[in-house]
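# Descriptive analysis of the structure
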Amino acid sequence: MNKQVLRWLMPVMTGVGMIGLWYAVHMSLGEERRFLVPAPTEVFRAFHDKGPALWGAALSTAEGAFFGFASAVALSFLMALFLSLSPLIRASFYPYLMILQMTPIIVMAPILVLWVGPGLMSVTVITFLICFFPMVVNTTQGLISTDRNLVDFFKMCRATTRQEIFLLRVPAALPYFFTGLRIAATLAPIGAIVGDFYAGNSGGGQGGLGFLTIIYSSQFQMGALFATAVVACLLGFVFVAGVIALSWLALHKWHDSFSQTDS
Amino acid sequence: MPNSSPIVEFTDVEKRYGEGPLILDRISFGAQRGDFVSLIGPSGCGKSTILRLISGLNPLSAGRIDVDGMKPENAAEELSFVFQEPTLLPWLTAVRNVEIPMRLRGAGPAKRGEIARRSLALVGLADRENYYPRQLSGGQKMRVSIARALSSSPRILLLDEPFGALDEMTRDHLNEELLAIRQQQAWTAFFVTHSVAEAVFLSNRILVLSANPGRIHSEVRVELPYPRTEETRLSNTYQHLVAEVSRLLRSVERLRP
């Protein structure tokens, strides 16, 4: 068989196999426990029945995820610029950034809800917190890893500090920046769902996916819970795909990670 | 111009980095306008350091350097540097890379674009102006780097082993091209190399340095007329000089502790 065809066919076969396995597990359970692993058909039915609620919740979560993600990108960039100025600055701030990162978001979430109030605002802040650290670390690393010779070259041309930062260090840091962006993109929907798990329902508007999770689990609606998981997963894909598209736009012409002659 | 004042003059120059060992010890020499001076010697003899001192990138520890009557740090406009690596910005096309020094000095886009294209044409890359560095071969990248150095019409060109990483054929070609360009532009060159053949082919003066600390061991004058071509490499004088400089280099190597 043609290699190209095989490359497409194998993942599809794997998927079919996994659904088959899923069915087998479902059937193997006794009648009264079968609801714990709903059949794929039940998940599809849940999509049909709860469609509007699911997509509405997805949009609401996406909104918080997007604002949190976007503000993390913007502020982490400024923070990274600041941190890149000197090793002393980095030494003074890194430990506290680590503490922020090490504190589980599950513990911080209720505190933040009390601080900023429920609804979109706290969802945004929680998403921000989970995205901020990987972005700062990667972008800073990029800003301080500029090729020594290029820095010397700029010095020889008597470039100003501003020129050195914006014409040299920032563009050179882009590949690192996008690495951070990819990590943050996978985290943003998770942060937003954790956020509205705690705070999304009481903001007056519609709850997000986290809120649906609470409702469906309290009612043992297993099909609907699985459907919620699928939607959350799709939301993650949308974020990651968006970032991959952005990084392609920014890097494909010159960076080796998008080399046409990939060997 | 035998009696005009030197364009670059070293007087008892010493250099050490921080508290480290002495890198250069009482270096004195003068280069006349239009000289092509090669610096050759064992690794650690401080030949690259000499270029960095002329460029004003690093301060000297003692002595004095005059660059066209100025201190090195004030002579930036007179100088261009070609590094060991092409040192191009990978996110810019060839022509944008060549523009960088002019851009940093605030030249307008139209003017610098025109000069950059002319400079690229000079190194034979007019048809590659919109290529990114990764689309160019090693030799082509080095050509872009040279075009960038020439774009600011320097009076002094500092070249730190620019062709060291290239294969011999490409290196010979680039040596010839460099001399051809020099026929049209009167810059003074300081050229660091490990290759005796390259030093003899390019220079009118060769400074042989010894290491630990770096000192000028001897100077060889290359009395071969310019323009030099492939034929030059076949001449007896050339062969004889290569043998002589090689012998000097070997004797310097023997001096090492």
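Residues numbered from 1 in each chain as written. Chains lettered and ligands numbered in written order. Predicted model: local features only at pLDDT ≥ 70, side-chain atom pairs only at ≥ 80, totals over all residues. Heavy atoms only, no water.

To continue, consider helix 6 (residues 148-156) of chain A. Residues of helix 6 of chain A that are buried: A:Leu150, A:Val151, A:Asp152, A:Phe153, A:Phe154 and A:Met156. Where the residues of helix 6 of chain A are buried, they touch helix 7 (161-199) of chain A together with helix 1 (47-55), strand 5 (79-82), helix 2 (94-104) and helix 4 (138-151) of chain B. Of the residues flanking the start of helix 6 of chain A, the one acting as N-cap is A:Asp147, its side-chain oxygen 3.0 Å from the backbone nitrogen of A:Asn149. Downstream of helix 6 of chain A by one or two residues, A:Arg158 has phi in the positive range, about 55°. (Buried < 20%, exposed > 50% of the residue type's maximum accessible area, 1.4 Å probe, protein only. Helix = DSSP H or I, 4+ residues; strand = E, 2+ residues; numbered from the N terminus. Contact = heavy atoms within 4.5 Å. Polar contact = N/O pair within 3.5 Å; in protein donor to acceptor, adjacent residues only side chain to side chain.)

Taken together, the contacts link 23 residues of chain B with 23 residues of chain A. In total, about 2100 Å² of surface goes out of reach between chain B and chain A, with carbon and sulfur atoms giving 66% of it. When the buried surface of chain B facing chain A is broken down by residue, B:Trp91, B:Leu104 and B:Arg134 rank first, second and third, together holding 38% of it. Counting across the interface, chain B meets chain A through one salt bridge. (Buried area = accessible area lost by both parts, 1.4 Å probe. Salt bridge = Lys/Arg side-chain N within 4 Å of Asp/Glu carboxyl O.)

Residues and elements named next belong to chain B. Counting across every chain of the model gives 23 salt bridges over all chains. The closest approach of N and O atoms between Glu219 and Arg205, which form a salt bridge, is 2.6 Å. Highlighted residues: Glu219 in strand 9 (residues 215-221) and Arg205 in strand 8 (residues 205-210), separated in sequence by 14 residues. Classification of Arg205 by relative accessible area gives buried; the value is 6%. One continuous salt-bridge network, built from bridges that share partners, spans Arg33, Asp68, Glu78 and Arg155.

Residue and element names in this part refer to chain B. If you trace the three strands from one edge of the open sheet to the other, you get 2-1-4, paired in antiparallel fashion. Each of the sheet's edge strands pairs with one partner strand only, and the pair in question is strand 2 (22-31) and strand 4 (62-67). Taking each pair of neighbouring strands and ignoring which way they run, the sheet shows an average axis angle of 20°. Relative to strand 2, strand 1 (residues 8-16) is paired through six bridges, and the arrangement is antiparallel. If you follow Phe10 over to strand 2, its bridge partner there is Phe29. Seen against the sheet, helix 1 touches strand 1, strand 2 and strand 4 and runs at an angle of roughly 115° to strand 1. (Pairing = 2+ DSSP bridges. Axes fitted to C-alpha atoms, helices over the stretch in contact; angles between N-to-C directions.)

This next bit is on unusual backbone geometry. All names here are of chain B. Of note, the bond from Asn212 into Pro213 is cis; its omega dihedral lies within 30 degrees of zero at -10°. A cis amide bond links Tyr226 to the next residue, Pro227, at an omega of -5°. Structurally, Pro227 is set in the loop between strand 9 and helix 7 (236-254). Although it is not a glycine, Asp68 sits at a positive phi angle of roughly 50°. Its place among the elements puts Asp68 in the loop between strand 4 and strand 5. Not every positive phi belongs to a glycine, and Thr87 is a case in point at roughly 55°. Relative to the helices and strands, Thr87 resides in the loop between strand 5 and helix 2.

Note that all results are geometric; they support no functional claim without further evidence.
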